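Read off the chains here:
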Amino acid sequence: MFDDRLASMLSSAIVRVRRINYVQPGGARDVDEGPFEVTLDSGAVYRLESGDDGESLRLAVGEWVDSFAEPLSLENREFVARSGKWVAFDVSSDRDFCRLIGARLDDLNLLITSGRIVGVELVFGLATLRAEVRGDELYIDFRYDNDR
């Protein structure tokens, strides 16, 4: 699963970062959870997300596709109005994510629990991004280490 796909990040710089967040009816956005997507200068796009079992980390290839994109049927429009939907947001200029633009992956550490890959730490110079599945959702945390 994490074979050559993540290794290809070692030779490419990140040019765009997106988070896929759930947007509630009325527009409230849950920014703490949801898939994480990077586009590399090579053109490759990778997405980290919760696996089908809700406990393991999944690495997907390609841009996230909105299954509720316009044009919507009346039934789907009503569903979205009642329930909300997942939406991709370009977070390349956001506080923490902007540090990844132009960065190359220096190292990665898989987080394994009960034999499953549940997360990954991606090291970019002094910044470490930790992506971890908890309770069926992907959470992202940053750490900055000025001692390296």
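What comes next concerns the included structure. Nothing here was measured: the structure is a model prediction, and the numbers come from that model.

**Observations concerning the environment of aspartate 41**
Item 1. Tracing the sequence through the fold places aspartate 41 in the loop between strand S3 (36-40) and strand S4 (45-50).
Item 2. Aspartate 41 gets classed as partly exposed once you look at its relative accessible area, which sits at 45%.
Item 3. In sequence terms aspartate 41 and glycine 62 are 21 residues apart; their C-alpha atoms lie 14 Å from each other.
Item 4. In this view, aspartate 41 contacts Ser12, Ala13, Val15 and Arg104; residues no more than four positions away in its chain are not counted.

**Structural notes on the nonpolar core**
Item 1. Counting 22 residues, the largest nonpolar core has Phe36, Leu48 and Leu129 as its most contacted members.
Item 2. Broken down by secondary-structure element, the contributors of at least two residues to this core are strand S1 (14-23), S3, S4, strand S5 (57-61), strand S8 (116-124), strand S9 (127-134) and strand S10 (137-144).

**Some words on the environment of leucine 129**
Item 1. Tracing the backbone through its elements, the reader meets leucine 129 in strand S9.
Item 2. Each C-alpha atom, one on leucine 129 and one on aspartate 141, is 5.8 Å from the other, the two residues being 12 residues apart in sequence.
Item 3. If we skip the residues at most four places from it in the chain, leucine 129 touches Phe36, Phe97, Leu100, Val120, Glu121, Leu122, Phe124, Ile140, Asp141 and Phe142.

**So, the pattern of salt bridges**
Item 1. Going through the model one piece at a time under the given rule, you end up with 14 salt bridges.
Item 2. The salt bridge partner of glutamate 70 is arginine 77, with a shortest N-O separation of 3.1 Å.
Item 3. Since its relative accessible area comes to 54%, glutamate 70 is described here as exposed.
Item 4. A salt bridge links arginine 134 to glutamate 132; the nearest nitrogen and oxygen atoms lie 3.7 Å apart.
Item 5. When its relative accessible area of 36% is taken as the criterion, arginine 134 is described as partly exposed.
Item 6. The class of glutamate 132 is buried, set by a relative accessible area of 16%.

**Considerations on the sheet that holds strand S7 (residues 107-113)**
Item 1. Overall, antiparallel pairing links the 4 strands, which are arranged S7-S8-S9-S10 in an open sheet. Single-partner strands in this sheet number two, and they are S7 and S10. The average angle at which neighbouring strand axes cross in this sheet is 20°, direction not considered.
Item 2. The pairing of S8 with S9 spans 6 bridges and is classified as antiparallel. The residue bridging leucine 122 from the neighbouring strand is leucine 129, located in S9.

**A look at the side chain of serine 56**
Item 1. In this structure, serine 56 sits in the loop between S4 and S5.
Item 2. Within the local environment of serine 56, its side chain forms a polar contact with the side chain of aspartate 53, the two groups lying 2.9 Å apart.
Item 3. For serine 56, the residues in contact, after removing those within four places along its chain, are Glu49, Ser50, Gly51, Arg116, Ile117, Val118 and Val133.

**Quick look at the packing of aromatic side chains**
Item 1. Considering all chains together, one arrives at 5 aromatic pairs under this definition.
Item 2. Residues phenylalanine 97 and phenylalanine 142 carry aromatic rings whose centres are separated by 5.2 Å and whose planes lie at 80° to one another, so their mutual orientation is edge-to-face. Highlighted residues: phenylalanine 97 in the loop between strand S6 (85-90) and S7 and phenylalanine 142 in strand S10, separated in sequence by 45 residues.
Item 3. Following the ring pairs from residue to residue traces out a cluster consisting of Phe36, Phe97, Phe142 and Tyr144.
Item 4. Across from the ring centre of phenylalanine 89, 3.8 Å away, lies the NZ or CZ of arginine 29, which sits over that ring.
Item 5. Just above the ring of tyrosine 144 sits the side chain of arginine 99; from NZ or CZ to the centre is 4.0 Å.

Quick notes on the rules
- Residues numbered from 1 in each chain as written.
- Predicted model: local features only at pLDDT ≥ 70, side-chain atom pairs only at ≥ 80, totals over all residues.
- Heavy atoms only, no water.
- Helix = DSSP H or I, 4+ residues; strand = E, 2+ residues; numbered from the N terminus.
- Buried < 20%, exposed > 50% of the residue type's maximum accessible area, 1.4 Å probe, protein only.
- Contact = heavy atoms within 4.5 Å.
- Core = buried A, V, L, I, M, F, W, Y, C linked by side-chain atoms within 4.5 Å.
- Salt bridge = Lys/Arg side-chain N within 4 Å of Asp/Glu carboxyl O.
- Pairing = 2+ DSSP bridges.
- Axes fitted to C-alpha atoms, helices over the stretch in contact; angles between N-to-C directions.
- Polar contact = N/O pair within 3.5 Å; in protein donor to acceptor, adjacent residues only side chain to side chain.
- Phe/Tyr/Trp six-rings, centres within 6.5 Å; stacked < 30°, edge-to-face > 60°.
- Lys NZ or Arg CZ within 6 Å of the ring centre and 35° of its normal.

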